[in-house]
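Residue-level structure breakdown
Here is how the chains run, residue by residue.
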Amino acid sequence: MNLRNTQKSPTFKKYNLALTISIVFALFFWIITLNQPLIDKHEFRQTQTALTVLFNPNLIFNFLNYKTPVLGFPWQIPFEFPLFQILVSFFSNLLPVDISLLGRLISILFGISCLIPVSNIFKIFNIRSKGLMCFYLLYFSSAIYLYWNRSFLIESTALFLSLSALLFYLKLFTNINDKELISKKITYLSLLLFLTLV
């Protein structure tokens, strides 16, 4: 069955309609909850992440010794590599946008960006478009991903980095002939794993 016949089939149209509805619902949910206070669920972690950005406006230059004014002196809590916080701090210096709104937008962008490595992973395993559409449908209709992709946390960033690391790992073993390409991929994979695990 070729692609044109698949796209004209009633089943494909139903998948397409369901996917469109779930994407519209996800976007609607993210838009209406962008300005909610950070004190909904896991408020301690969300406000702590926001405080790290707020009290370190130049975090990009001081990311190994950043301060989190939560538990008292010396104000340093090395929970994670602050990649998400660095991005929010960087863009908050460029844009006149509220930090909590900007953090949620960046989190949503990383959540949506997860679809790029997933699509490529599906291509590596020769999974048809129906399988990818089912994944998208589940992803955009899952309450867990809807909530955590809009939280002021590193979760969607870590998921994106983990999926990208998995994609590079899989691509590493599909192109074994090119040694220079393998060394580059191992370097990228190491960096992604470092950022994900730290």
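One structure accompanies this document, and this report is about it. (Residues numbered from 1 in each chain as written. Predicted model: local features only at pLDDT ≥ 70, side-chain atom pairs only at ≥ 80, totals over all residues. Heavy atoms only, no water.)

1. A look at helix 4 (residues 83-94)
- The end-to-end C-alpha distance of helix 4 is 17 Å, a good match for the 16 Å that 12 residues give at a rise of 1.5 Å each.
- Taken together, the buried positions of helix 4 are Leu83, Phe84, Gln85, Ile86, Val88, Ser89 and Ser92. (Helix = DSSP H or I, 4+ residues; strand = E, 2+ residues; numbered from the N terminus. Expected span 1.5 Å × (residues − 1). Buried < 20%, exposed > 50% of the residue type's maximum accessible area, 1.4 Å probe, protein only.)

2. Thoughts on the packing of aromatic side chains
- Tallying each qualifying case throughout the model produces 10 aromatic pairs.
- Taken together, a centroid distance of 5.7 Å and an interplanar angle of 55° make the contact between Phe122 and Phe135 tilted. Note that Phe122 is positioned in helix 6 (residues 115-124) and Phe135 in helix 7 (residues 129-141), a separation of 13 residues in sequence.
- Taking relative accessible area as the criterion, Phe122 reaches 15% and is therefore assigned buried.
- Linked through ring pairs, Trp30, Phe122, Phe135, Tyr136, Tyr139, Phe140 and Tyr145 together constitute an aromatic cluster. (Phe/Tyr/Trp six-rings, centres within 6.5 Å; stacked < 30°, edge-to-face > 60°.)

3. Some thoughts on the nonpolar core
- In terms of nonpolar packing, the biggest core is built from 32 residues, with Trp30, Phe84, Val88, Ile106, Tyr136, Phe140 and Phe152 touching the most fellow members.
- Those elements that provide at least two residues to this core are helix 2 (10-33), helix 3 (43-55), helix 4, helix 5 (99-113), helix 6, helix 7 and helix 9 (155-172).
- Residues contacting Phe84, with those up to four places away along its chain left out, are Thr49, Gly103, Ile106, Ser107, Phe152, Leu153, Ile154 and Thr157. (Core = buried A, V, L, I, M, F, W, Y, C linked by side-chain atoms within 4.5 Å. Contact = heavy atoms within 4.5 Å.)

4. A word on a nonpolar patch on the surface
- The grouping of Ile60, Phe61, Phe90, Phe91, Leu94, Leu95 and Val97 at the surface amounts to a nonpolar patch, some 660 Å² of accessible area in total.
- Among the structural elements, Val97 can be located in the loop between helix 4 and helix 5.
- A relative accessible area of 31% places Val97 in the partly exposed class. (Patch = residues over 30% accessible without salt bridge, like charges linked within 9 Å, V, L, I, M, F, W, Y side chains within 5 Å. Areas by Shrake-Rupley, 256 points an atom, 1.4 Å probe, with all protein chains shown as cover. Salt bridge = Lys/Arg side-chain N within 4 Å of Asp/Glu carboxyl O.)

5. Considering the side chain of Thr52
- Along the chain, Thr52 falls in helix 3.
- A polar side-chain atom of Thr52 sits 3.0 Å from the main-chain carbonyl oxygen of Gln48.
- Here Thr52 is in contact with Leu59, Tyr66, Lys67, Thr68 and Gln85, once residues within four sequence places are set aside. (Polar contact = N/O pair within 3.5 Å; in protein donor to acceptor, adjacent residues only side chain to side chain.)

6. A closer look at the environment of Leu71
- Assignment of secondary structure puts Leu71 in the loop between helix 3 and helix 4.
- For the pair Leu71 and Gln48, spaced 23 residues apart in sequence, the C-alpha to C-alpha distance is 10.0 Å.

7. Here we look at unusual backbone geometry
- Not every positive phi belongs to a glycine, and Asn126 is a case in point at roughly 55°.
- Of note, Asn126 is situated in the loop between helix 6 and helix 7.
- We classify Asn126 as exposed; its relative accessible area is 67%.

8. Some details on the packing of helix 5 against helix 9
- Following both chains from N to C, one finds helix 5 and helix 9 inclined at 25°, their axes separated by 8 Å at the closest point. By the angle between their directions, the pair helix 5 and helix 9 is classed as roughly parallel. For the crossing formed where helix 5 meets helix 9, the hand is left-handed. Together, Ser107, Phe110, Gly111 and Ser113 of helix 5 and Ser156, Thr157 and Phe160 of helix 9 make up the contact between the two elements.
- Here the residues of the contact of helix 5 with helix 9 are counted per class, giving two nonpolar, five polar and no charged. (Axes fitted to C-alpha atoms, helices over the stretch in contact; angles between N-to-C directions. Parallel < 35°, antiparallel > 145°, perpendicular 65-115°, else oblique. Left-handed = near helix turned anticlockwise from the far one by under 90°. Nonpolar A, V, L, I, M, F, W, Y, C, P; charged D, E, K, R; others polar.)

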